[in-house]
Amino acid sequence: MVSPIKKNRKEEILEAGLEVFAKQGYYNTTTAHIAEKAGISQPYVFRFFKTKEDLFIAALERAFDRILQAFKNITEESEQTGDQMVQAYEELTVTHPNEIVLQVIGISITDEAVRNCTKEWLSRIRNYVLERFRSAGIENPEREVTVFIAMGILCNISYFIDLPELFDM
């Protein structure tokens, strides 16, 4: 069993990684940057994450999981389910803006492990939203979930490059 101190330290490293990766990108970030942000030594980072890639993937998974959890917190099943998910996502962009940035960075990285992580989580989110749209009785749910995901990605890009007019609706 992992001690509470070690568990907390791992969480601190992970949250520091989320912030530093979001600000500096994947390729410009080193584990030394993350260690500095977490207030620890660089070798201590490697006690929890074997490589920078492992730490990035853990941060990316955290980002995607927060999105999925925000969608799961919507319990009402109705034609407004999609709108409620958009609202939950918009709230997440305020409370956890680094998650939005990390998604865009994750999509742009060609390393196989990162690409696989991004594909897996986007697929999970798509499948969950599709299931919710079907159970809510939304007409043509496959098309609607595609539009929902596409609009979300466009929203992320707009946010990431600070071009709000790209997503004016």
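Right above here is the structure, for reference.
All of these numbers come straight from a predicted model, not from anything done at the bench.

Colleague: Summarise the packing of helix α6 (residues 97-108) against helix α8 (residues 141-160); cite the residues concerned and give the values.
Modeller: Contact geometry for α6 and α8: axes closest at 9 Å, N-to-C directions at 105°. By the angle between their axes, α6 is roughly perpendicular relative to α8. Of the residues in α8, those in contact with Pro97, Ile100, Val101, Gln103, Val104 and Ile105 of α6 are Asn156, Ile157, Tyr159 and Phe160.

Colleague: I'd like a description of the nonpolar core, backed by residues and values.
Modeller: Of all hydrophobic cores here, the largest spans 51 residues; its most connected members are Ile13, Phe56, Phe71 and Leu102. Counting only elements with at least two residues in this core, the list comes to α1 (4-24), α2 (31-38), α3 (42-45), α4 (52-72), α5 (81-95), α6, α7 (112-135) and α8. Here this core gets twelve residues from one element, more than from any other, and that element is α4. Apart from the residues lying within four places of it in its own chain, the contact partners of leucine 102 are Leu18, Phe21, Ala22, Phe56, Ala59, Leu60 and Ala63.

Colleague: I'd like a rundown of α8, residues and numbers included.
Modeller: Relative to the 28 Å expected for 20 residues at 1.5 Å per residue, α8 spans 28 Å between its end C-alpha atoms, a close match to the ideal helical length. Those residues of α8 not exposed but buried are Pro141, Val145, Phe148, Ile149, Asn156 and Ser158. Against the buried residues of α8 lie α4, α5, α6 and α7.

Basis of the calculations
Within any chain, residue numbers begin from 1 and follow the written order of that chain's sequence. pLDDT decides what is reported in this predicted model: residues at 70 or higher carry local features, side-chain atom pairs at 80 or more are listed and counted, and totals for whole chains, interfaces and linings draw on all residues regardless. Excluding hydrogens and water, the side-chain figures rest on all heavy atoms present in the structure. Angles run from 0 to 180 degrees between N-to-C directions of axes, and those axes are lines fitted to C-alpha atoms, restricted for helices to the stretch in contact. In this text, helices come from DSSP runs of H or I with a minimum length of four residues, and strands from runs of E with a minimum of two, each type numbered from the N-terminal end. Any angle from 65 to 115 degrees is called roughly perpendicular, while one under 35 is roughly parallel, one over 145 is roughly antiparallel, and all others are oblique. Contact criterion: two residues are considered in contact whenever any of their non-hydrogen atoms come within 4.5 Å of each other. In plain words, nonpolar cores are sets of buried Ala, Val, Leu, Ile, Met, Phe, Trp, Tyr and Cys residues tied together by side-chain atoms within 4.5 Å. For every residue, the accessible area (1.4 Å probe, protein chains only) is compared with the maximum for its type, and the residue is labelled buried under 20%, exposed over 50%, or partly exposed between those bounds. A helix is expected to span 1.5 Å for every residue after the first.

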